[in-house]
Structures are given as structure tokens and as C-alpha cells.
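Below, each chain spelled out in residue letters.
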Amino acid sequence: MYDFTTLVQSIGNFLHGQFSPGVATALEWTLVILVYLALYAILGLVLVYVERRVCAFFQLRLGPNRVGWAGTAQTVADALKLLLKEPVTVNKADKLLYNLAPFIITLAALTVISLVPFAKGLQAFDINIGLLFIVAVSSLGVVGILLAGWSSNNKYALIGAMRSGAQIVSYELSVGLSLLTMVLLTGTLQLSTIIETQANGWWIFKGHVPAIIAFFLYLTASIAEINRGPFDLPEAESELTAGFHTEYSGLKFAFFFLAEFVNMFTVAAIATTVFLGGWMPFHLGDWAGFNAVMDFVPPILWFFLKVSAVIFLMMWFKWTFPRLRIDQLLKLEWKYLMPLNLMNLVFTAILVYLGWHG
Amino acid sequence: MFRAIYEYFKEILLAIRGLINGMRITGKYIAHARKEIITQEYPDNRDTLQMFDRFRGEVVLLHNENNEHRCTGCSACEVACPNGSIEIIWARREDPETGKKKKQIETFVYHLSMCTMCNLCILACPTDAIKMGHDFEHAVFDRSQLTKVLNRPGSKLEKGVEE
Amino acid sequence: MSDQLDLAPATDLLTSQEYFVNMGPQHPSTHGVLRLVLTIDGEIIRKVEPHIGYIHRSIEKMCEKDTYRQIVHLTDRMDYLSCHINNEAVCLAVEQALQIEVPERVKVIRTIIDELTRLASHQLWWGVMGMDLGAITSFLYGFRDREMINDIFEETCGARLTMNYNVPGGLMFDIHPNFQKRTKDFVAHFKTKLPEYDQLLSDNPIFRARTEGIGYMSKEDAVAYGVTGPSGRASGFACDVRKRHPYGMYPQVDFKEVLMTDGDCFARYKARILEMWESLRIIEQLIDNIPEGDFQAPTKQVIKLPKGEFYQRVETARGDFGVYIISDGNKSPYRLKFRSPGFSNLFVLDKVARGSKLADLVAIMSTFDYVMPDIDR
Ligand code: SF4
Ligand code: SF4
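Presented here is an overview of the structure given in this document. Since the structure is predicted, the reported quantities are computational estimates derived from the model, not experimental observations.

1. Side note on the site of ligand 1
- Taken together, 13 residues sit near ligand 1, with B:C81, B:N83, B:C115, B:C118 and B:C121 positioned nearest.
- Split by residue class, the shell around ligand 1 holds nine nonpolar, four polar and no charged.

2. Re the interface of chain B and chain A
- Listed by partner, the interface residues are 20 residues for chain B and 20 residues for chain A.
- On the surface where chain B and chain A come into contact, there are two salt bridges.
- B:E41 is paired through a salt bridge with A:R66; the nearest N and O atoms lie 3.8 Å apart.
- Applying the counting criterion to the chain B and chain A interface returns seven residue pairs in polar contact (both at pLDDT 80 or more).
- At the level of elements, α1 (2-31) and α2 (33-36) of chain B are the ones that each hand at least two residues to the side of chain B that touches chain A.

3. Details of the site of ligand 2
- Around ligand 2, the surrounding shell holds 13 residues, and the nearest of these are B:C71, B:C74, B:S75, B:C77 and B:C125.
- Within the shell around ligand 2, the residues separate by chemical class into nine nonpolar, four polar and no charged.

4. A closer look at unusual backbone geometry
All names here are of chain B.
- Non-glycine residue M117 carries a positive phi angle of around 55 degrees.
- Inspection of the secondary structure puts M117 in the loop between β4 (101-111) and α4 (120-124).
- Phi is positive for D128, which is not a glycine, with a value near 55 degrees.
- Take D128: its relative accessible area is 52%, and that puts it in the exposed class.

5. What about the pairing of strand β7 (residues 319-327) of chain C?
All names here are of chain C.
- In terms of residue burial, β7 counts as a mostly covered element, since seven of its nine residues are buried.
- Direction of pairing for strand β6 (residues 308-316) relative to β7: antiparallel, over a ladder of nine bridges. For T316, the partnering residue across the bridge sits in β7 and is G319.
- Two successive antiparallel strands, β6 and β7, enclose a turn made up of two residues.
- Inspection of the sheet shows β7 paired to strand β8 (residues 335-339) by five bridges, in the antiparallel sense. Within β8, the position partnered with Y324 by the bridge is K337.

About the thresholds
- Residues numbered from 1 in each chain as written.
- Chains lettered and ligands numbered in written order.
- Predicted model: local features only at pLDDT ≥ 70, side-chain atom pairs only at ≥ 80, totals over all residues.
- Heavy atoms only, no water.
- Near = heavy atom within 4 Å.
- Nonpolar A, V, L, I, M, F, W, Y, C, P; charged D, E, K, R; others polar.
- Contact = heavy atoms within 4.5 Å.
- Salt bridge = Lys/Arg side-chain N within 4 Å of Asp/Glu carboxyl O.
- Polar contact = N/O pair within 3.5 Å; in protein donor to acceptor, adjacent residues only side chain to side chain.
- Helix = DSSP H or I, 4+ residues; strand = E, 2+ residues; numbered from the N terminus.
- Buried < 20%, exposed > 50% of the residue type's maximum accessible area, 1.4 Å probe, protein only.
- Pairing = 2+ DSSP bridges.

It is worth stressing that arrangement in space is one thing and function is another; only the former is reported here.
Take a look at the structure:
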């Protein structure tokens with residue numbers, strides 16, 4: 001019922017009809033870039049607000065509730081404040097790398113959301129190696145963290161960055177393996193097709209136990225990969241004050257901050273796409289009436305609903321658990337997540353071989 | 001071998017149980033977040049904010065409706081104060097009615113910036129002239145504003161208060 | 001240029017080097033203005049050098065010019081989390097010197113408020129402990145329960161933190177009529193919340209991994225360094241002043257001295273949790289049996305101690321707190337020395353933390369429960 005393909009197509013056609021092909025393509029790209037940049041900023045701001053609010057409720061506080069309706073404009077005000085702040089640079093910092101780091105992080109975060117299918121037809125890139133590309137690009141962010149830690153000329157930052165390096169290198173494996181498990185089921189790497197395969201039921205339901213295990217493994221590993229609590233060692237504030245971004249202030253700090261929250265969104269979005277059926281509505285067996293009602297809800301709403309559910313789960317984790325230590329973190333990966341992932345992979349392979357998947 | 005595998009999975013399951021246990025607590029609180037909120041919306045609830053009777057916010061010199069206070073200038077509070085927050089400046093003046101010379105306070109200087117709200121001055125005062133006020137919003141822009149004169153202009157000693 | 005290019009042999013490029021990190025004086029988990037100079041090898045701590053003095057206010061010197069009544073309120077500013085117990089120590093010392101027998105009512109009230117103070121201190125510690133380990137939510141839960149105690153204090157003593165409720169010879173005022181009811185409400189409330197503390201942190205596998213076996217302190221070390229309080233008792237050092245040198249109502253009430261043998265962070269953590277249960281028990285025994293009577297023994301307005309030396313120990317939330325008064329017969333002491341538990345507890349840190357990770361140091365420090373003004377005075 002809700003298909004954005006025609007809409008997107010018609011915009012393209014309109015542009016191509018008005019301008020020469022080169023200009024039209026350039027305009028198209030500009031449009032895409034603008035939309036995604038806006039999306040990036042809005043996502044960041046909304047998520048920061050949501051996080052602060054949810055965290056506050058977990059902690060029996062009210063959270064931001066002054067600026068705007070129920071405090072909704074608080075993050076906008078904060079962003080403005082950060083924009084207006086003086087960009088302080090450390091004297092002996094490696095200026096080039098120091099200034100480059102926030103952009104690399106932003107770039108990595110931005111590239112990944114461009115692959116996320118928000119609804120049918122609403123996707124900037126739909127490449128056939130989508131999942132692989134995501135796994136590859138999302139780990140680029142660590143380069144930014146390492147650069148930030150190295151160039152700040154601050155020992156806390158350096159320790160944070162080194163932790164982050166060790167952490168991402170190990171957890172990258174689990175993220176890849178758990179997604180690989182799902183690729184066995186879906187049989188494709190293209191995100192749009194992955195969603196199509198879930199038209200008759202989400203993978204978490206029809207993928208039996210392995211899919212559920214893979215979901216939680218993926219969630220754990222990717223939370224670690226994006227340095228969120230309880231795996232927020234690179235910026236463990238009780239040990240390293242602010243970790244790798246200790247020396248950043250103002251706008252550059254805002255970049256790190258936004259990237260962190262957008263990364264959280266990406267993780268949730270990929271989990272949604274691969275495990276929870278992306279923008280597919282929730283269907284219950286043969287209940288035609290129920291299914292029709294569910295179909296009525298726009299897919300983009302479905303997508304964001306699922307994403308918010310996953311994000312809420314991530315916040316729940318963060319605001320409940322203590323932080324791990326670096327060696328325990330690595331032990332968790334190499335002793336528990338990796339073997340479980342491999343077992344799960346084999347298990348799924350058997351399942352697929354027997355043709356038991358949906 | 002099997003024992004080790006069993007232990008391995010048992011460890012994982014126990015850990016998951018522990019984690020879920022913790023999440024149950026936070027989950028319970030977020031489910032009742034509205035009811036359980038412990039913070040106050042402070043400047044908004046100024047009107048309803050009730051301090052406890054004994055709350056020690058600042059030292060005040062009590063005046064009645066005729067602008068009379070009970071401070072005889074005996075300086076007991078000044079002596080009792082551990083950090084010199086109180087300075088009583090007094091003089092002997094002629095009482096217009098009886099014509100006798102009597103000790104009177106000129107200024108009751110109170111340095112809020114030094115006061116530790118220890119309540120010793122209040123305990124020391126023989127005439128109960130001073131008491132602890134409930135105001136706690138003492139923020140000012142200049143330190144000099146924290147030095148206060150507690151006796152109101154033109155105030156007199158209440159009748160019948162013994163020196 | 002070329003002479004500056006010191007080409008190291010290839011092997012040297014791979015050898016690691018120890019380096020210094022200044023932790024504090026402004027650091028989120030040093031709980032105040034403590035500065036630790038750490039020698040670190042990667043993430044492993046080789047040496048911890050505590051540097052103190054950033055919040056030194058020369059309270060002991062100030063006491064030499066103050067009268068005995070005035071000294072009491074200065075002790076509030078030392079270990080502000082067990083201020084009532086500090087107050088009591090000075091008052092007990094003065095009462096001991098003057099040989100005043102305080103009324104039974106005073107003893108009971110003092111003991112109840114002591115235990116409430118201890119509970120409040122441990123609640124705050126629990127919250128901060130969670131926060132140091134990254135579970136920030138526990139901070140607010142700890143504060144929620146502490147708030148009830150603070151309300152009790154505010155209603156009865158007039159202040160929430162620096163209560164100054166004790167005066168030599170008794171109490172500043174009588175208890176507020178609501179005191180008993182509020183305290184009973186609190187005990188009932190906290191009995192339901194304390195298991196949640198366990199559920200949220202103690203049973204959490206991450207928390208266990210972060211504390212079990214970390215920061216081991218042997219009983220010998222505890223004795224040698226004079227580590228007292230729950231931290232010392234977690235290593236098996238039976239040092240509870242309430243049992244060893246009882247004061248107030250402690251000889252009459254039934255409570256256990258919490259003793260652990262593990263000596264690691266988790267033992268210190270658990271010792272405090274169990275101590276909270278004991279405190280609740282003490283309060284329950286006393287709250288309904290506050291005898292009638294005066295809230296002050298008659299004392300002179302100007303207190304002059306006889307010539308001599310007087311020492312009084314009490315058990316604060318952090319350990320053995322001592323007040324040592326040398327009097328030359330004047331209205332202020334000739335010399336006054338406080339034995340603050342935090343000071344001894346701090347300097348065992350180097351011994352305990354060597355060889356552990358940087359993240360462990362945070363856990364170790366929070367299980368020792370440092371309050372900087374107590375250490376610096
Ligand atoms: S409350 Fe204490 S410090 Fe303040 S003026 Fe009175 S005696 Fe001095
Ligand atoms: S306030 Fe009380 S103690 Fe102070 S000078 Fe006046 S009468 Fe004396």
C-alpha cells in the first residue's frame with residue numbers, strides 16, 4: 001500500500017526532465033546528501049533527548065523538562081551552545097589528525113545510515129553486498145577514535161583510544177558472525193531483499209532458536225562495537241574522565257557525541273532490518289482482519305517503532321549494568337560470544353541444509 | 001569434557017539470569033516512573049515548598065509589629081559564635097522616658113558569608129532575640145551583600161526585656 | 001637535526017615503558033580533591049602515590065582557639081557523611097573529661113542517629129560505588145533512600161548534612177515529635193529496598209567480575225596499616241569500636257560485628273551491605289524504647305576541661321575515629337588531634353592496588369570509601 005519507489009522515481013524523473021542528465025544527477029545527489037545530513041542531525045538531537053529522558057526515568061528523575069514542550073528543545077539548545085563555544089585546541093596536539101578525527105567518525109556513521117532501508121523504496125544505496133558493506137564501513141569509526149586519542153596528546157585519551165582499538169577489533173568478529181548466521185537464512189546480502197524474505201514472518205520468529213541467539217549476540221557485540229555502556233570503556237568517565245574525547249570541546253565534541261547516538265540508531269536499524277523484518281508490518285498467522293489493520297500502519301512507522309524498541313533495550317542495558325574491565329571485555333568476546341556464534345552458525349547451517357527455515 | 005561444557009553453559013545461563021534480575025529492578029522503576037520520581041522541580045515549587053521548623057537557613061533578628069526587637073546588646077551571641085559572624089555594635093543611650101542611660105544596640109552586623117549555621121548563637125541568647133530563619137536562597141552577585149544589618153532602621157528594644 | 005635523530009635499536013621499539021598518569025585532583029572518581037600519581041604499564045598499575053592536602057583547612061589548629069562547644073561543629077566538616085558520629089566523639093571526650101553522666105535518653109537518641117548516619121553514609125557509598133563501576137542508576141537509588149534519612153535529620157536536627165546536633169552534655173534539642181514515626185517508616189521502607197540493592201548490583205555478573213578477587217588486602221596489612229571500619233573488617237580485622245570499646249547504647253543492643261575473610265573488593269562491598277542490616281536491627285531495637293528524661297545533662301555555659309589528656313574512639317561509617325584532647329585547664333584545648341579513619345585507609349591503597357588494572361583502581365577506591373575532607377582535615 002505504501003510504496004515510496006514511485007515517489008522517489010517521480011522526483012528523479014522530474015529532475016531529469018527539467019535538466020540535462022549531468023546536472024540532474026548532481027542535483028539528485030545533492031538532494032540525497034542534504035536529506036541525509038538533516039536526518040543525521042535530527043536523529044542525533046532526538047536520540048540525545050530520548051536517551052536523557054529515558055535515563056532519567058530509569059533513575060527516578062525527570063530529565064530535561066524546561067526548554068520547549070516537555071524539554072524537547074533542550075538538545076537543540078545544547079547543540080546551539082556547543083556551536084557557539086570556543087574551539088579549544090590542545091597546544092601540543094597533532095593539529096591535522098586532531099581536527100580530522102571527528103570527521104572520520106561522522107563520515108563512518110553517515111555512510112552506514114545511507115544503506116538503511118527506511119521503507120520500501122526509501123533507501124539511498126541498495127547495493128547487493130549491503131550487509132558486508134555495513135560491517136566494513138561501521139568499523140571505520142575506530143580510526144577516528146584512535147586518531148582522536150593519539151593526536152590529543154593526553155594519556156587518558158590515549159588509553160581510551162587503545163581500549164577502543166582492542167575492543168572493536170575483537171567485537172567486529174562477533175558482529176560479522178552473527179550477521180553471517182542470518183545471511184545463511186536470508187540467502188542474500190542485499191538489505192531490501194532481506195526485508196522481502198520476511199514478508200511472511202520476521203526472521204526472529206521463523207528463524208527458530210538460532211535467530212534469537214544471533215539477535216542477542218548481534219546486539220551485545222554491536223553495542224560493544226559502538227562503545228556504548230556497559231561496554232563504554234574508551235570513554236569510561238569514572239576512570240578516564242572522558243576517554244578519547246577528553247580534549248575535545250565545542251563543535252568537535254558535538255561531532256563525537258552525535259556520531260555516538262547515530263551509531264546507536266544504525267545498530268538498531270540493522271537489527272531491525274535483519275531480525276525484525278525492517279519495515280514489514282507485524283502479521284499474525286491467518287488473522288486476515290488483524291493483518292489488514294497492521295498493514296494500514298505505514299511501513300516507515302513500523303520501521304521506527306521497531307528501531308525505538310531496540311534502542312530502548314540498549315538504553316535499558318546501559319542504565320542497568322556496570323562497566324566491564326578491558327580484559328573481561330575481551331574475555332567475553334573470545335571465550336563466550338565467539339564460540340557461541342560459531343556454534344550458532346553451524347547449527348543454522350544444519351537447519352538451512354535440512355530446509356527447516358521459513 | 002561434558003562436565004566442562006555443562007559448566008560453560010551453566011555459567012552463561014547464570015550470568016544471563018543475574019543480568020535479567022538487575023534489569024527487572026530498573027524495568028520496575030521505569031514502569032512506575034511517574035509515581036516514583038524523587039526529584040523536585042525546585043524553582044517551580046517555591047510556593048508549596050515547606051521547610052522543617054528547625055531548618056537552619058540564616059540568623060534573623062525577630063521584630064514585632066511595633067518594630068521592636070528583644071536584643072539587649074549583651075553580646076553573648078558574638079562570644080558564642082565560633083567564627084565571628086556576628087558583630088554587635090552597641091552604645092549607652094539615654095532612655096527618653098526614664099532618663100537613665102541604657103545599653104542599646106546600634107547595629108547588629110551579621111556576616112552570612114562566614115556563618116556555618118551552627119545554632120550556637122541562638123542557644124546563647126538569653127532573651128531569645130534571634131532565631132534561625134528558613135530562607136536558604138542566599139546567592140548574591142557580590143560578597144558585600146552577604147554582610148547584613150539585622151536590626152531594622154528605627155527599631156527599638158521591646159518593653160520589659162531585661163538587660 | 002641529525003644528532004637529534006636517535007635511532008633506537010629495533011627491539012626497543014617493542015618494549016613497553018612505564019608512564020605517569022595524574023589521577024586527580026579533579027577527577028570524577030577520586031571523590032573529592034585527591035591526587036593520585038599513578039605509574040602505569042599499559043593498563044597495569046605499578047605504583048600509586050596519593051598526594052593529599054588539597055582540602056586541608058587546619059581544623060585541628062582551629063580547634064585550639066575554639067571553645068569546646070564550638071569545636072563540635074568543626075567536626076561536621078571533616079567526615080561529612082558521618083558528621084553526627086564525629087560530633088559525638090568530641091562530646092564523649094568532653095563528657096569523659098568532665099565526668100558527666102549523660103541521661104539515658106541522650107544515649108539512646110545518639111545511638112539511633114549514629115546508626116541512621118551510618119546508613120545514610122553507606123547508602124551514598126553504595127550509589128557511588130555503582131556509579132564508579134559504570135552503573136549510574138544505582139547512584140540515584142542510593143540517594144532516594146538517603147533522602148528519607150536526611151528528612152529525619154532535618155526535622156530533628158535542623159540540617160541535612162552538617163547537623164551539629166550534639167553538644168557536650170547531651171543534645172542540642174529534644175527529638176522532634178515525628179522522629180519515631182519517620183524513623184519507623186524509613187526502616188520499613190528500607191527493608192524492602194535493601195534486597196533490591198543486592199538484586200541490582202551484588203548479583204550482577206559484571207559487578208561480581210569487577211569486584212571479586214580484586215584489590216586483595218590481607219588481615220596483616222589491615223592491621224599494619226591500621227585500616228579500620230568495614231574495609232578492615234572485610235579482611236578479618238575485628239576492629240569495630242562499638243564492640244571493642246563500647247560507648248552509648250551499644251553494650252545493651254544486640255548486633256553482630258560483620259567480619260569477612262576474603263579481603264577483596266566484594267568482601268568490602270558485602271561488609272557494608274551487611275552492616276546496613278545490622279544498623280537497621282539496632283534502630284529497631286531502640287526506636288520504641290526511648291526513655292523519658294532530659295535531653296541534656298546540666299553543664300556550665302563555659303566548659304573548662306581539667307588538666308590532662310583525654311582520648312575517645314568511636315566507630316564512624318569509615319572506621320575508627322579518635323579524638324585526642326590535651327587540656328591545660330583552659331576553655332579551649334591545648335592541642336587536639338583527630339585520628340581519622342580515611343587517612344589510614346588511603347595509604348594502604350598503594351599496597352592493595354599494585355598489579356591491578358586502572359579500572360580496578362576505581363573499584364578499589366570506592367570500596368575503601370574515601371571522603372577527602374576526612375583525610376585532609
Ligand atoms: S549560627 Fe553559628 S556561625 Fe552562624 S552566627 Fe550563629 S553562632 Fe555564628
Ligand atoms: S541577640 Fe541575644 S545574645 Fe545577641 S546581643 Fe542580642 S540579646 Fe545578646
